[in-house]
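These are the residues of each chain, in order.
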Amino acid sequence: MAEGQDRIRLLDPLVSARIAAGEVVEQPASVVRELVDNAIDAGADSISVELTDGGMTSIRVIDNGCGMGAADLARSVLKHATSKISSLEDLDRVTSMGFRGEALFAIASVSRLRLVSNSGSGGHEIVVDNGNPGEVRAAASPAGTIVEVTGLFRDIPARRAFLKSPAVEARAVRRMLAEKMLAWPGIRFVLVSDGADIVRSAAGDLLSRISDLYDSRLASLLIPVVHEEAGIGISGFAAPVHHNSATRRDQYCMINGRPVFLPSFSRAVSTAYGNQVPPGRHPVVFLAIRIQPDRINVNVHPAKREVRVHDENALFSVLVHALRRALGETVRFSEATKAGRMERTVDEQPLLGDATAQAAAEPGLVWLTPSGPHAPSGARTQDAGVETVPQKQQDAPLPGLGIFEGVRIIGCHADNYWLYEQAGQLFMIDQHAAHERVLYERFKAEYQGMGIARQGLLVSLQFTPTEGEREVLESSAEEIAAAGFSLAPFGPKVWIMDEQPSDVRDGLEALRSLLAALADPVSSAARGDARREKMLATLACHAAVRRGDRISPELVFSILRSLARVERPFSCPHGRPSIIAIKLEEIEAWFARR
């Protein structure tokens, strides 16, 4: 370039608009987030989201908020147009979901946007095609606003190439919308994807919203959290220690109605639960935080996903206190309470090392405190689909222990083999095989009744079956449904799973194993009971505690109690032994005493 030649130039307005849009609009979920925020700020109590091809073809958001008149409609699509900020000081006390005045402008610069609104004095519409606004015209419209976005990134192939498949984009929208639904349970939400209802949740409270998004079983277990300290209010629910998740995605933090990511939140949750949750597992919490707007900065991320708290240490401390108080003081009763069974939270557990306390909790069963790495402090007490250790209750007499009467637990080897004494003889129990037998018998009873109990998934699992798996899905649909799976095609190649058996950890892994079992030639040729038994044994294997799971002595007692009631307690449904006896003569022979 020649000396003195101008090298600095102003970007074309359309280019600069598309660059700016890249910070706000990354994918269809980003568009839906901004439009839902606007609807909430407009005072809507009903919001519907409609997607076509995961939002890649079209997005439609309908709300019954205050709407806009013709003049506001024309200004709303301009850069930095907002009704929520009027001065610099307002940025220090933002209470609305949106405030920057860039969402509609950014969306319109990378798509075709049609905006229809009615503030009560008649409807109007405006169309903006890739940043070029048209004229405002009269249009028939109900009170509120309708936003239609089509051809997202249509004229920007490089940006469109970064979008995932329609199924993945739809899942991202559902996940994002679930966060908004939990933050605003008083608003009715509907999500429709390619003409099918995905989510439909009436206005209510947080517990009913959790029940809609997860299931009523989880909602019945949750512990209320209500705490106020240092000007910070905490409310919501926490799951007991035995109900945990493989990821932190089931930890929801809402600050002043805004779903946010806050690293100190996850640390506070982990600190509050301590070592009661096993390694690799994470607590499940749904917490709303109320804090003065001037104590947080929401203007630190273009997508408003992150916030900065001025005194994060204080918030950390309040969160830990709130959760510990809730977990330590609340006794949760499951549906099984009526039958005399009770689930206890962290600080309510008996001292498992105290043989007297354990004997009082369970006559006929004695815990002998082991030493070393298998001591029970921090052992897992999870919902394993078996009867929990009952407490003494006048109206619920304890059933007999049958073949395990007088058992004394000695310890555990290799995180799988529990040793117990009975009548002077030594036994070893394989925790996975024994639990597998218990769950198999329970699944068999449920299958013969109303079908295996299910749990709904917050985010539907999507998978692409092989040709062989697809054949089994289509030919064995009724059997698979009775096994606790809710499945449906989601396009020409993809299937979607909305529900899975309630005790299964990884629904997709279990489903693929089930499909493989049903596709096996031997299984395919089998009829009636044999085919059903193979299917139920597969499910039991995926639901049972596994080798390496550090479970509590209480759970071992529970498994033994349930095992005493089945016909074949000494083997798993696949035929492997669950319990073996070691005679004293054998032991003495090993040590040359015989």
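Residues numbered from 1 in each chain as written. Predicted model: local features only at pLDDT ≥ 70, side-chain atom pairs only at ≥ 80, totals over all residues. Heavy atoms only, no water.

*Asks:* Even after reading the chapter, I still don't get the overall build of the chain, so can you show me in this structure?
*Replies:* If you tally the helices and strands in the chain, you get 19 helices and 26 strands. Per-residue burial for the chain yields a buried fraction of 50% across its 594 residues. Considering only intrachain contacts with a sequence separation of at least 6, the fraction spanning at least 24 residues in the chain is 69%. Element-wise, carbon and sulfur atoms account for 52% of the exposed surface of the chain, whose accessible area totals about 27,300 Å². (Helix = DSSP H or I, 4+ residues; strand = E, 2+ residues; numbered from the N terminus. Buried < 20%, exposed > 50% of the residue type's maximum accessible area, 1.4 Å probe, protein only. Contact = heavy atoms within 4.5 Å. Areas by Shrake-Rupley, 256 points an atom, 1.4 Å probe, with all protein chains shown as cover.)

*Asks:* Which parts of the structure should I look at to understand the sheet that holds strand β10 (residues 223-229)?
*Replies:* One key point about sheets: their strands pair by backbone hydrogen bonds, in either a parallel or an antiparallel sense. The sheet built from 5 strands is open, its strands ordered β10-β11-β16-β13-β14 with mixed pairing. Each of the sheet's edge strands pairs with one partner strand only, and the pair in question is β10 and β14 (258-259). Relative to strand β16 (residues 285-290), strand β13 (residues 251-255) runs parallel, the two being bridged by 5 bridges. Residue pairing for β16: Ile255 is matched across the bridge by Ile289. In the packing of helix α6 (residues 166-183) onto the sheet, contacts are made with β13, β14 and β16, and the angle to β13 comes to roughly 55°. (Pairing = 2+ DSSP bridges. Axes fitted to C-alpha atoms, helices over the stretch in contact; angles between N-to-C directions.)

*Asks:* Looking at this structure, how should I read the packing of aromatic side chains?
*Replies:* Note on aromatic pairs: each is described by the distance of the centres and the angle between the planes. Throughout the structure, instances matching the rule amount to 3 aromatic pairs. Judged by centre distance (5.4 Å) and plane angle (85°), the rings of Tyr214 and Phe286 are edge-to-face. With Tyr214 in the loop between α7 (206-213) and α8 (216-221) and Phe286 in strand β16, this residue pair connects regions lying 72 residues apart in the sequence. The buried category is assigned to Tyr214, whose relative accessible area is 12%. Residue classification places Phe286 among the buried positions, given a relative accessible area of 0%. (Phe/Tyr/Trp six-rings, centres within 6.5 Å; stacked < 30°, edge-to-face > 60°.)

*Asks:* Got a minute to help me understand the pattern of salt bridges in this structure?
*Replies:* A side chain with one charge may pair with a side chain of the opposite charge, provided their charged atoms come close. If you walk through the whole model with that rule in mind, you get 21 salt bridges. Taking the shortest distance from any N to any O, the salt bridge between Glu34 and Arg33 comes out at 3.3 Å. Measuring nitrogen to oxygen at the nearest pair gives 3.8 Å for the salt bridge that ties Arg546 to Glu509. Note that Arg546 is positioned in the loop between α17 (529-543) and α18 (553-563) and Glu509 in helix α15 (residues 507-519), a separation of 37 residues in sequence. (Salt bridge = Lys/Arg side-chain N within 4 Å of Asp/Glu carboxyl O.)

*Asks:* I'm lost on the confidence of the model for the chain in this one. Help?
*Replies:* A low pLDDT means the predicted coordinates there should not be read in detail. In this model, the chain carries a mean pLDDT of 77, and residues with pLDDT of at least 70 account for 76%. Counted against residues more than four places away or in other chains, residues 329-383, with its pLDDT under 50, gives 119 contacts. (pLDDT = per-residue confidence, 0-100.)

*Asks:* I'm lost on the environment of Lys79 in this one. Help?
*Replies:* The residue Lys79 is located in the loop between α3 (70-76) and α4 (103-108) in this model. The class for Lys79 is partly exposed, based on a relative accessible area of 45%. In this structure, the C-alpha to C-alpha distance between Lys79 and Ala103, residues 24 residues apart in sequence, is 8.6 Å.

*Asks:* Sorry, what's going on with the packing of α6 against α7 here?
*Replies:* Relative orientation and spacing of two packed helices are given, respectively, by the angle between their axes and the distance between those axes. Where α6 contacts α7, the axes come no closer than 9 Å and their chain directions differ by 155°. For the element pair α6 / α7, the angle class is roughly antiparallel. Note on element contacts: α7 touches α6 through Leu206, Arg209, Ile210 and Leu213, opposite Ala178, Met181 and Leu182. For the contact of α6 with α7, the residue count by class is 6 nonpolar, no polar and 1 charged. (Parallel < 35°, antiparallel > 145°, perpendicular 65-115°, else oblique. Nonpolar A, V, L, I, M, F, W, Y, C, P; charged D, E, K, R; others polar.)

*Asks:* I would appreciate a short explanation of the sheet that holds strand β25 (residues 495-501) in the present structure.
*Replies:* One open sheet holds the 3 strands; their spatial order is β23-β25-β24, and the pairing between them is antiparallel. A strand with exactly one partner marks an edge of an open sheet, and here the two such strands are β23 (454-463) and β24 (486-489). Across the sheet, the mean angle separating the axes of adjacent strands is 15° when strand polarity is ignored. Relative to β25, β24 runs antiparallel, the two sharing 4 bridges.

*Asks:* Any chance you could explain the state of the cysteines here in plain terms?
*Replies:* Put plainly, a disulfide is one covalent bond tying together the sulfur atoms of two cysteines. This model, assessed by the stated rule, comprises 0 disulfides. The thiol of Cys541 is unpaired, and the distance to the nearest cysteine sulfur, on Cys572, comes to 7.9 Å. Its relative accessible area of 27% is what places Cys541 among the partly exposed residues. (Disulfide = S-S within 2.5 Å.)

*Asks:* What exactly am I supposed to notice about the nonpolar core here?
*Replies:* Inside soluble globular proteins, nonpolar side chains tend to come together where they are buried. If you look at the biggest cluster of nonpolar residues, it comprises 58 residues, and the most contacted ones within it are Ile47, Leu113, Leu115, Ile210 and Phe286. The next biggest cluster of nonpolar side chains, apart from the first, holds 31 residues, and it includes Ala272, Tyr273, Val318 and Val320. (Core = buried A, V, L, I, M, F, W, Y, C linked by side-chain atoms within 4.5 Å.)

*Asks:* How should I be thinking about the side chain of His124 in this particular structure?
*Replies:* Relative to the helices and strands, His124 is located in strand β4 (residues 123-129). A distance of 3.4 Å separates a polar atom in the side chain of His124 from the backbone oxygen of Gly122. Not counting residues within four places of it along the chain, the set of residues in contact with His124 comprises Ala70, Leu73, Leu115, Val116, Ser117, Val136, Arg137, Ala138 and Ala139. (Polar contact = N/O pair within 3.5 Å; in protein donor to acceptor, adjacent residues only side chain to side chain.)

*Asks:* What exactly am I supposed to notice about helix α13 (residues 467-475) here?
*Replies:* Taken together, the buried positions of α13 are Glu469, Arg470, Val472 and Leu473. Take α13 and look down its axis: the buried residues cluster within an arc of 160°, on one side only. Away from the buried face of α13 by more than 90 degrees, exposed residues Glu467, Glu471, Glu474 and Ser475 are located. Summarising the contacts, the buried residues of α13 are in contact with β23, α14 (477-482), β24, β25 and α15. (Arc of directions from axis to C-beta.)

*Asks:* Just checking my understanding: could you explain unusual backbone geometry for this structure?
*Replies:* Leaving glycine aside, a negative phi is the common case for residues, and trans is the common case for peptide bonds. The backbone of Asp53 sits at a positive phi, close to 55°, despite the residue not being glycine. Checked against the element boundaries, Asp53 lands in the loop between β1 (46-52) and β2 (58-63). A positive phi is found at Ala414, a non-glycine position, where the angle reads about 60°. Mapped onto the secondary structure, Ala414 falls in the loop between β20 (408-413) and β21 (417-422). According to the relative accessible area criterion, Ala414 is partly exposed, its value standing at 32%.

*Asks:* When you look at the side chain of Ser141 in this model, what are you seeing that I'm missing?
*Replies:* You can see Ser141 is positioned in the loop between β6 (137-138) and β7 (144-150). A relative accessible area of 16% means that Ser141 is categorised as buried. Not counting chain neighbours up to four residues away, the residues in contact with Ser141 comprise Val116, Ser117, Asn118 and Gly123.

*Asks:* Would you mind going over the environment of Glu169 with me for this structure?
*Replies:* When you line up the elements, Glu169 lands in helix α6. Linking Glu169 and Leu51, residues 118 residues apart in sequence, is a C-alpha distance of 9.9 Å. Excluding its chain neighbours within four sequence positions, the residues that come into contact with Glu169 are Gln27, Pro28, Gly54, Met56, Leu163 and Lys164.

*Asks:* I would appreciate a short explanation of the packing of helix α2 (residues 28-41) against α6 in the present structure.
*Replies:* At a minimum axis distance of 8 Å, the contact between α2 and α6 shows a crossing angle of 30°. As the angle between them shows, α2 and α6 are arranged roughly parallel. Here α2 and α6 pass one another in a crossing that is right-handed. Where α2 approaches α6, its residues Pro28, Ala29, Val32, Arg33, Val36 and Asp37 are matched on the opposing element by Glu169, Ala172, Val173, Met176, Leu177 and Lys180. The residue inventory of the contact of α2 with α6, partitioned by class, reads 8 nonpolar, no polar and 4 charged. (Left-handed = near helix turned anticlockwise from the far one by under 90°.)

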